[in-house]
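Summary of the model geometry
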Amino acid sequence: MAQEGLVSIASRYSAAETMERLLAALQKRDLTVFARIDHAAGAAAVGMPLRPTEVVLFGNPKGGTVLMQDQQRAGIDLPLKALVWQDADGKVWLGYNAPDWIAARAGLGEKSAGAVAAMTKALAAIAGEATK
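Treat the numbers as computed from the prediction; the structure is a model and nothing was measured. (Residues numbered from 1 in each chain as written. Predicted model: local features only at pLDDT ≥ 70, side-chain atom pairs only at ≥ 80, totals over all residues. Heavy atoms only, no water.)

**Quick look at the layout of surface pockets**
Operational definition: Buried and open spaces are told apart on a 1 Å grid over the protein atoms alone, a cavity being a set of points where a 1.4 Å probe fits but cannot get out and a pocket being an open set with protein on both sides within 12 Å along at least five of seven lines. Residues with an atom within 4 Å of a point are the lining residues. Grid points are joined across faces, edges and corners, and a volume is the space filled by probe spheres set on the points. Where helices and strands are cited, they refer to DSSP runs of H or I of at least four residues and of E of at least two residues respectively, numbered from the N terminus.
Taken as a whole, the largest pocket holds about 380 Å³ of empty space. Together, 21 residues line the largest pocket, and Leu31, Gly59, Asn60, Gly63 and Met119 are the ones closest to its centre. Of all the secondary structure elements, the ones that give two or more residues to the lining of the largest pocket are β3 (53-59), α3 (61-70) and α5 (113-131). Among the elements that line the lining of the largest pocket, the one with the most residues is α5, at six residues.

Below you can see the structure in the form of structure tokens.
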């Protein structure tokens, strides 16, 4: 599943297990989980159906601050976030904004290139642990 700026990886686990695996991968790396939003629970609270759809906001100020020191508007995409959802065919996905897309959107330059590369590598590893 491709969409500009969005990395989407199919999971071989249920949505709930994918999210638990994602949280474990974040904790293993000492990343802070700032929020967890269960959109399906919110929909259920107002009597509306929604397949599993959950977002987690996470990060590390050492990484994100470098981006914002380069261009403060990068803060609109920070902290990082990941979405776990189940599509209409029952397939589970994990998605996140590609760091190079965030960099392009914010107009980041060489000052933050190392941090963007590190985020790219870390997110790929985290997503792999959560979905494979």
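Still to come is the rest of the account.
**Let's talk about α3**
The line we're drawing: Under the scheme applied here, a residue whose accessible area is under 20% of the maximum for its type counts as buried, over 50% as exposed, and between as partly exposed, the area being computed with a 1.4 Å probe on protein chains only. Arc, as used here, means the arc of the directions from the helix axis to the C-beta atoms. Here a polar contact means two N or O atoms within 3.5 Å. Within protein one must be a hydrogen donor candidate and the other an acceptor candidate, and residues neighboring in sequence count only if both atoms are side-chain atoms.
Looking only at α3, the buried set comprises Gly64, Leu67 and Asp70. Buried residues of α3, viewed axially, fall in a sector of 120 degrees; they line one side. Relative to its buried face, α3 has exposed residues pointing more than 90 degrees away, namely Pro61, Lys62 and Gln69. By the N-cap criterion, in which a side-chain oxygen at the helix start approaches the backbone nitrogen of a residue two or three places on, α3 is capped by Asn60, the distance to Lys62 being 2.7 Å.

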